[in-house]
Amino acid sequence: MNRRIRNLGAAFIVMYAVLFAQLNRVQFVQADDYKTHEGNVRPQLRAFGQERGDIVTADGVVAAFSVPVEAGEIEFRRDYPTGDRYAHIVGYQSFNQGAFGLERQYNDQLAGARLDQQFDSLKDLFVDRDTTGTVVMTLRDDIQQAAAAALGERNGSVVAVDPRTGEVLAMWTYPSFDPNLLSGLDGPAVNAAYQTLLNDPENPLLAKSFREVFFPGSTFKVVTAASALESGDITLTEPVWPDSSGYEPLPAGSLIRNFGGSTCGGDLMLALQRSCNATFAEIGAEWLGPDAMIRTAENFGFNADPVIDLPDAARSQFPTDYGAYIADLDAYQPEGSPPLINGDTPIHENSAILAQAAIGQNDVKATPLQMAIVAAAIANDGLMMRPHVVAEVQSADGDVYDTVEPSLWRVAMSPGVASELQRAMVNVAENGTAGGMQVGGLTVGGKTGTAQLGTTPASSHAWVVGFAGPPGMPAEIAVAVLVEAQPGASEQTGGTVAAPIAQAVFEAAFAASGN
Amino acid sequence: MTATARRPAVRPQIAAVRPRRVELGLIALIAIVVVSAYGLASLGESASVPADIGPFLAWMLGLFFFVHLAVRRFAAAADPVLLPMALLLNGIGYVMIARLGEDVGGGLAGLQSVWTAVGIAAFVATLILVPRVRELAQYRYLLGVGGLVLLALPLLPIGVEIRGARIWVSIGPVNFQPGEFAKIALALFFASYLVDAHELIKNRIELRDLAPIGAAWAASVGVMVLERDLGSSMLVFALFVVMMWVATERTLFVGLGVALFAAAGVVAFQLFAHVERRIDAWLDPWADPQDTGFQIIQATYSMAEGGLTGTGLGRGEPDRVPVAESDFIFSAIGEELGLAGTTAILMAFLIVIGSGLRIAIRATRPFEKLLAVGLTTLLGFQAFIIMGGVVRLVPLTGVTLPFVSYGGSALVSNYIVLALLMRLSHEQRVVSPSSSGTSR
């Protein structure tokens, strides 16, 4: 019988070994899958069973905090005293709809779940300490309020960043929504509110400032101008393009007209001041060619995954397919004429697309955030800083756990080109279409854009990008303003509609410092 | 049993003190573990030391020391590991039940501490009342019939149905599960029957000799059908197959047993909705997450939440799993003590199984050998099917985790099993020097 008893022992060992293997599967190998499994309400119940830290603006305005409630296992709910003003950034923490925005991105820090928050010292094992973290945003409430007030009830976005650090100072999209509608504890009411927001044709849940792309129109000409200056063949004063009413692309394509049927030309400085479509289309297609234009656009962050510390940011696009190479520009010159300085610029089958892309049309699309960091890179001597909305995470006692240090994302252009462009954009603000964004006592640079969307009925997005700073000093703020095409407002241009919003933002930004 | 009480207990002889010293050391360690766990569970929940830590400490230490002294007096040569393992499992289970406290309805901790005392009393009583296990063999048919009667008791009007299974009996204020005691009676019956029959069965198989396996099979299927008690029927069936196999040394009986059980299972699956539900919930609980799959899914989330080291005692939500205090106490341990804690539970049971089988191997006579195998199988297999059920390795059958789960009947019967194993161990150690390894 002893042999059978040993066999029985072996059988028990095998059974328990299989049990141990299965335990490892459930508690280790697949534990994370189960923890985030759809239908597992433990994470939500945990989130709503404890206090979370505040989310505050750089100037100390509380945008989110926890309110104690007594409703079974739910002990706290979130309150958003600033209503819709930070909805797209702070997001919401909803029992029914999950978390969104910073509430999701910084969930662990807000809940105090990270190890360094849990155990500051050994004595914390024995005392009930508030371990929640406070998330401090880079956004300033005064600028955010000014942006929201200036845009008013027009669909659009305003993004302001500090060019020197990448700190986002304001980021507003209208329409927005009130996150308090989603953070309540009345499940059916929350679901109904969410459905209403979801079905709204203007999509207030969508943060168009960084999650939606638009034709940038003429504001993109600053990128084309940067590429032109980088090429070395073009300066702000040389060459001078003769006035014309439009540009006819090579080898074939429909005529690109100037805005409002005007006639324009001149050197790069003047062409930018006049926002001359014919000149920039020709520069893109005949002077720079696809390779240089794609390189510059990508140096500015187009066609790359965005780097902001918020989820679901959209990629800005610059087209890269221009068909097959056909010939150099020389091939299109009359027999016997002297060679052109830009004569070896390659001409592709679809160079007409490049001509349109150079003025921000065709498939060029950008988020307002992207255009803000384009302006910021120009203002910051070509260095494009990584945009971010969180400055630091603090403990309940005010100690700093994490600081977001400024970091370089990419080098958009050389410092020389950047300083030329700064001069050109200051000129546009002083003498050109961007006059509406001037603020007394500041050096302001800008570029307007009016992206035409169609003719029946005529409608257009009004844009402005720019920067401002004390005279002789580096710019302290860069902005992008987009006012979306409105029904019944066919004539809106960047200069008339968007520039005053930028002006209001600049005024708010410098009001505190007495400028 | 009482008939044997008039015989004087076997006095310990040489080398009998050493195992008790080992046992005392282990019990002291386990007392520290259990008392610390009790304190930590309270700290984890409310960040304060429990007010009743003093009385609890005194109660635990008192019980532990008392049972140790009883073993010194009545089974001084017995295996030194079995009792500490049982106390560890019982202690961890008690801390968990106390920690679940109000979350699962409250008041259970007080009852469980009473049941622990009753279990330990039953343990000591068994040591006193059964000085020689062999003498129980003469009550073979009484035990066999008694076991079947106990198994069938809930079918009488005094039976109560709880959560779909009719395994409880209620007489006045006392509720208990007679099935827990039936298992012991049946193990004794099987051991004594097989000692007489095993020579016959070993040499040639006659239908007449197969009658007991038929009866056992019929009884377990009968229980499954009438009481909807999958766990106990599986356990009793496995008990008999294992004992038959060890007694006859014929693998045929394992094959035959498995085939019969499979046949019964298929029939049950097709005839009874509750069996089909259990199988469905085992194969794909997520097909019906709010109903049939709810319990097992919640247990899976609970154990996954625990991960490697657990949420910490008092810091999880193990009560989210229905009946966390009994059938699902293993998932509660998995959540708050993690894989480390569940592995410790597994190891404790493996040590119990190892000690039990070592007692079986050392036993010199077939009855003692078979009984040790049967008692060990009862503990080891029952622990396996409930832990395996909770982690979805095998279909879920509602049985308790021995020594750990809340429940008086289970605690008392498991302590009786433990006492019988220790009595067997004591007998062989005490008698073997003088009898030189052969029967007296």
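Since this is a predicted model, take the numbers as computed values, not measurements. (Residues numbered from 1 in each chain as written. Chains lettered and ligands numbered in written order. Predicted model: local features only at pLDDT ≥ 70, side-chain atom pairs only at ≥ 80, totals over all residues. Heavy atoms only, no water.)

J.: Looking at this model, I keep getting lost on the environment of B:Ile120. Mind explaining?
T.: Residues and elements named next belong to chain B. By the element assignment, isoleucine 120 lies in helix α4 (residues 108-129). Exposure remark for isoleucine 120: the relative accessible area of 0% places this residue in the buried category. Between the C-alpha atoms of isoleucine 120 and isoleucine 416, which are 296 residues apart in sequence, the distance is 8.7 Å. Once residues lying within four places of it in the same chain are set aside, the contact partners of isoleucine 120 are Leu63, Phe66, Val67, Leu87 and Tyr415. (Helix = DSSP H or I, 4+ residues; strand = E, 2+ residues; numbered from the N terminus. Buried < 20%, exposed > 50% of the residue type's maximum accessible area, 1.4 Å probe, protein only. Contact = heavy atoms within 4.5 Å.)

J.: Help me understand a nonpolar patch on the surface, please; the structure alone is not making it clear to me.
T.: Residues A:Phe28, A:Val29 and B:Leu308 make up a contiguous nonpolar surface patch of roughly 310 Å² in combined accessible area. Within the secondary structure layout, A:Phe28 lies in helix α1 (residues 2-29). (Patch = residues over 30% accessible without salt bridge, like charges linked within 9 Å, V, L, I, M, F, W, Y side chains within 5 Å. Areas by Shrake-Rupley, 256 points an atom, 1.4 Å probe, with all protein chains shown as cover. Salt bridge = Lys/Arg side-chain N within 4 Å of Asp/Glu carboxyl O.)

J.: In this structure, what is going on with the interface of chain A and chain B? I would like to understand it.
T.: One frequently used descriptor of interface size is the decrease in accessible area upon assembly of the parts. Contacts between the two partners involve 34 residues from chain A, matched on the other side by 50 residues from chain B. Between chain A and chain B the total buried area reaches about 3,900 Å² when both faces are included, carbon and sulfur atoms providing 70% of it. Inspection of the region where chain A meets chain B yields 1 salt bridge. Salt-bridge contacts for B:Glu335 lead to A:Arg42; the nearest nitrogen and oxygen are separated by 2.8 Å. For the pair chain A and chain B, the interface holds 11 residue pairs in polar contact (both at pLDDT 80 or more). At the level of secondary structure, the elements contributing two or more residues to the side of chain A that touches chain B comprise α1, α2 (31-35) and α3 (42-48) of chain A. Ranked by residues supplied to the side of chain A that touches chain B, first place goes to α1(A) with 20 residues. When its residues are assigned to classes, the side of chain A that touches chain B shows 16 nonpolar, 10 polar and 8 charged. (Buried area = accessible area lost by both parts, 1.4 Å probe. Polar contact = N/O pair within 3.5 Å; in protein donor to acceptor, adjacent residues only side chain to side chain. Nonpolar A, V, L, I, M, F, W, Y, C, P; charged D, E, K, R; others polar.)

J.: Which parts of the structure should I look at to understand the nonpolar core?
T.: Most often, soluble globular proteins keep nonpolar side chains buried together rather than apart. Grouped together as the largest cluster of nonpolar side chains are 137 residues, with contacts concentrated most on A:Met171, A:Phe318 and A:Ile477. With 11 residues, helix α14 (residues 277-299) of chain A is the single largest residue contributor to this core. Ranked by size, the runner-up nonpolar core spans 130 residues in total, among them A:Leu23, B:Ala41, B:Phe240 and B:Leu420. (Core = buried A, V, L, I, M, F, W, Y, C linked by side-chain atoms within 4.5 Å.)

J.: Explain the pattern of salt bridges to me, please; I cannot follow it from the model alone.
T.: Think of it this way: side chains of opposite charge can pair up when their charged atoms draw near. On inspection of all chains with the given rule, the structure shows 21 salt bridges over all chains. A salt bridge links A:Arg104 to A:Asp312, with the nearest nitrogen and oxygen atoms 4.0 Å apart. A residue pair is termed long-range when its members are at least 10 positions apart, and A:Arg104 in helix α5 (residues 102-105) and A:Asp312 in the loop between α14 and β13 (325-328) qualify at 208 residues. Taking the relative accessible area as the measure of exposure, A:Arg104 reaches 40% and is therefore partly exposed. Using a relative accessible area of 46% as the deciding quantity, one classes A:Asp312 as partly exposed. The salt bridge partner of B:Lys183 is B:Glu180, with a shortest N-O separation of 2.7 Å. Taken together, the residues span about one helical turn, with B:Lys183 and B:Glu180 both in helix α6 (residues 178-203) at a distance of 3 residues. Take B:Lys183: its relative accessible area is 6%, and that puts it in the buried class.

J.: What should I look at first to understand empty space enclosed by the protein in this one?
T.: One way to see where empty space is left: roll a probe the size of a water molecule over the atoms. All names here are of chain A. Evaluation of the coordinates by the stated rule reveals 6 cavities of 30 Å³ or more. Looking at the second largest cavity, its volume works out to about 100 Å³. Lining the second largest cavity are 15 residues, and of these Pro306, Ala314, Leu369, Gln370 and Ile373 sit closest to its centre. By residue number, the principal contributor to the lining of the second largest cavity is helix α16 (residues 368-379), which donates 3 residues. (1 Å grid on protein atoms, 1.4 Å probe; cavity = no way out; pocket = protein on both sides within 12 Å on 5 of 7 lines; lining within 4 Å. Points joined across faces, edges and corners; volume = space filled by probe spheres on them.)

J.: Explain the state of the cysteines here, please?
T.: Linking two cysteines covalently through their sulfur atoms gives a disulfide. Residue and element names in this part refer to chain A. Counted by the stated rule, this structure contains 1 disulfide over all chains. Here cysteine 264 connects covalently by a disulfide to cysteine 276, the sulfurs 2.0 Å from one another. Linking cysteine 264 and cysteine 276, the disulfide has an S-S dihedral of approximately 90° and is accordingly described as right-handed. Taken together, the positions of cysteine 264 in strand β12 (residues 264-266) and cysteine 276 in the loop between α13 (268-274) and α14 put the pair 12 residues apart, joining distant regions of the chain. When sorted by exposure, cysteine 264 lands in the same class as cysteine 276, which is buried. (Disulfide = S-S within 2.5 Å.)

J.: How should the sheet that holds strand β1 (residues 159-162) of chain B be read in this particular structure?
T.: Residue and element names in this part refer to chain B. The antiparallel open sheet is built from 3 strands, whose spatial order is β1-β2-β3. Among the strands making up the open sheet, the edge pair consists of β1 and β3 (174-176). Between one strand axis and the next, the sheet turns through 35° on average, direction left out of account. With 3 bridges joining them, strand β2 (residues 165-171) and β3 adopt antiparallel strand pairing. Residue pairing across strands places valine 169 opposite phenylalanine 176, the latter belonging to β3. (Pairing = 2+ DSSP bridges. Axes fitted to C-alpha atoms, helices over the stretch in contact; angles between N-to-C directions.)

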